[in-house]
Amino acid sequence: MENGEDSGRAPCADLHAHSTCSDGVLSPTALVRRAAEQGVDLLAITDHDTTGGIAEAREAAVAAGLRLVPGVEISVSWQGQVLHVLGLGVDPASRPLCEGLEALARVRVERAERLARKLEQAGIAGSLAGARAQAGGGVPGRNHFARFLVERGHARDLRRAFKRYLARGASCYVPGQWAELDEALGWIAAAGGRSVLAHPARYRLTGSALKRLLATFRDAGGEGMEVISGPQTADVTATLAKHAREFGLLASRGSDFHEPGAGPELGRLPPLPAGCTPVWREWPS
Ligand code: AMP
Ligand code: MN
Ligand code: MN
Ligand code: MN
């Protein structure tokens, strides 16, 4: 009863992963197959602002023998910064969710156009077409621009492309008008999902600002937070686990997988620390 995953064997859960429907490099089918190969038995597909990969992932999950959690990672503007809120277990046919994500897709299209204009002014032509090609027909996000910049030799790797051109504070950064926190939580609730604050340690908040965010998130109806997110130090995990308990938030675990060989692998994550209540605890197995 120690580790919060006491009902039988704890599932190998990875509740944060991207496909080609947003900025991942594997198709939903390939993502599900890879997760199964890595021993994941509970996988959430959580593309940025789209549920477009869920249907395909569901089919693949049946064949691969793992449980698929239909999810989405929603971009939120909050106090001058961008937060990511996961909706786990959402019904992709939910009307409020669909309408909300359609609005965000329009924000993404406009942001991509503005970003391309800024890159053009910085002497880099053709980035909109280049990023669109990287996105394989979907709406290009910053990762697609980053891949284009690397391919054209404007940056040595993705990290440098972000640092120089795309990250907040970089030369070509374009802020987006994303969803309000209340809106995003409302769409997730309407779609029957659980709302989970993604990678809380990545917002570069001070300790007290992070606590204010978690209190605001919970008071607005947020239900969980990622306690394990990709590669993070044991110190960060311990702090996040403590916060989850203190704020009464469910705990989630996700790799934020985007591509093989770069960044965290599917399912390769430590277990949730003692005392955390897993977000998947009440889900039917
Ligand atoms: P977008 O939603 O299009 O603004 O892109 C956000 C995505 O860009 C994140 O989910 C990451 O995949 C990626 N990203 C953001 N910041 C960085 C960074 N500094 N280095 C590498 N990738 C990043
Ligand atoms: Mn991403
Ligand atoms: Mn994110
Ligand atoms: Mn993500």
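Residues numbered from 1 in each chain as written. Chains lettered and ligands numbered in written order. Predicted model: local features only at pLDDT ≥ 70, side-chain atom pairs only at ≥ 80, totals over all residues. Heavy atoms only, no water.

**Looking at the coordination of the manganese ion (ligand 3)**
And then number 1: Within the protein, Glu73 (OE), His84 (ND1) and His199 (NE2) serve as the donor atoms for the manganese ion (ligand 3), at 2.1 to 2.2 Å.
And then number 2: Written as a sequence motif, the donor residues of the manganese ion (ligand 3) are E-x10-H-x114-H.
And then number 3: Taken as a pair, the manganese ion (ligand 3) and the manganese ion (ligand 2) lie 5.7 Å from each other. One end of the pair, Glu73, is in strand S3 (residues 67–78); the other, His199, is in the loop between strand S5 (194–197) and helix H8 (207–219), with 126 residues separating them in the sequence.
And then number 4: Taking relative accessible area as the criterion, His199 reaches 6% and is therefore assigned buried. (Donors = N, O, S within 2.8 Å, 3.2 Å for Na, K, Ca; no water. Helix = DSSP H or I, 4+ residues; strand = E, 2+ residues; numbered from the N terminus. Buried < 20%, exposed > 50% of the residue type's maximum accessible area, 1.4 Å probe, protein only.)

**Brief notes about the packing of helix H3 (residues 95–121) against helix H5 (residues 142–151)**
And then number 1: Two numbers describe how H3 lies on H5: the axes approach to 11 Å, and their chain directions differ by 30°. It follows from the interaxial angle that H3 and H5 lie roughly parallel. Remark: the crossing between H3 and H5 carries right-handed chirality. Counted together, Arg111, Ala112, Leu115, Ala116 and Leu119 of H3 and Arg142, Phe145 and Leu149 of H5 form the full contact between these two elements. (Axes fitted to C-alpha atoms, helices over the stretch in contact; angles between N-to-C directions. Parallel < 35°, antiparallel > 145°, perpendicular 65-115°, else oblique. Left-handed = near helix turned anticlockwise from the far one by under 90°. Contact = heavy atoms within 4.5 Å.)

**Points about the site of ligand 1**
And then number 1: Around ligand 1, the structure places Asp23, His48, Arg108, Arg111, Gly141, Arg142, Asn143, Phe162 and His258.
And then number 2: A distance of 3.3 Å separates an oxygen atom of ligand 1 from a polar atom in the side chain of Asp23.
And then number 3: Arg111 is positioned such that a nitrogen or oxygen atom in its side chain is 2.7 Å from an oxygen atom of ligand 1.
And then number 4: Here ligand 1 loses 74% of its free accessible area of 500 Å² to cover by the protein chains.
And then number 5: Where the shell around ligand 1 is concerned, the elements lending two or more residues are H3 and H5.
And then number 6: In the shell around ligand 1, the residues fall into one nonpolar, four polar and four charged. (Near = heavy atom within 4 Å. Polar contact = N/O pair within 3.5 Å; in protein donor to acceptor, adjacent residues only side chain to side chain. Areas by Shrake-Rupley, 256 points an atom, 1.4 Å probe, with all protein chains shown as cover. Nonpolar A, V, L, I, M, F, W, Y, C, P; charged D, E, K, R; others polar.)

**Topic: the coordination of the manganese ion (ligand 2)**
And then number 1: Here the manganese ion (ligand 2) is held by Asp23 (OD), His48 (NE2) and His258 (NE2), and the distances to it run 2.2 Å.
And then number 2: Mapping the donors of the manganese ion (ligand 2) onto the primary sequence yields the spacing D-x24-H-x209-H.

**Focus on the side chain of Thr46**
And then number 1: When you line up the elements, Thr46 lands in the loop between strand S2 (42–45) and helix H2 (54–64).
And then number 2: When neighbours within four sequence positions are excluded, Thr46 is seen to be in contact with Leu15, His16, Ala17, His18, Gly71, Val72, Glu73, Leu86 and Leu88.

**Brief notes about the pairing of strand S7 (residues 250–254)**
And then number 1: Counting buried positions along S7 yields five of five residues, so the element is predominantly enclosed.
And then number 2: Where burial is concerned, the two faces of S7 agree: the one with Leu250, Ser252 and Gly254 and the one with Ala251 and Arg253 are both buried.
And then number 3: Relative to S7, strand S6 (residues 224–229) runs parallel, the two sharing five bridges. Within S7, the residue paired with Ser229 across the bridge is Gly254.
And then number 4: Tracing the backbone out of S6, into helix H9 (residues 234–246) and back to the parallel element S7 gives a crossover that is right-handed. (Pairing = 2+ DSSP bridges. Right-handed = clockwise from strand over helix to strand, strands pointing away.)

**A word on the packing of H8 against H9**
And then number 1: Taken N-terminus to C-terminus, the directions of H8 and H9 make an angle of 40°; their axes are 11 Å apart at the nearest point. As the angle between them shows, H8 and H9 are arranged oblique. Handedness of the crossing formed by H8 with H9: right-handed. Across the interface between the two elements, Leu210, Lys211, Leu214 and Arg218 of H8 pack against Leu240, His243 and Glu246 of H9.
And then number 2: Tallied by class, the residues present in the contact of H8 with H9 amount to three nonpolar, one polar and three charged.

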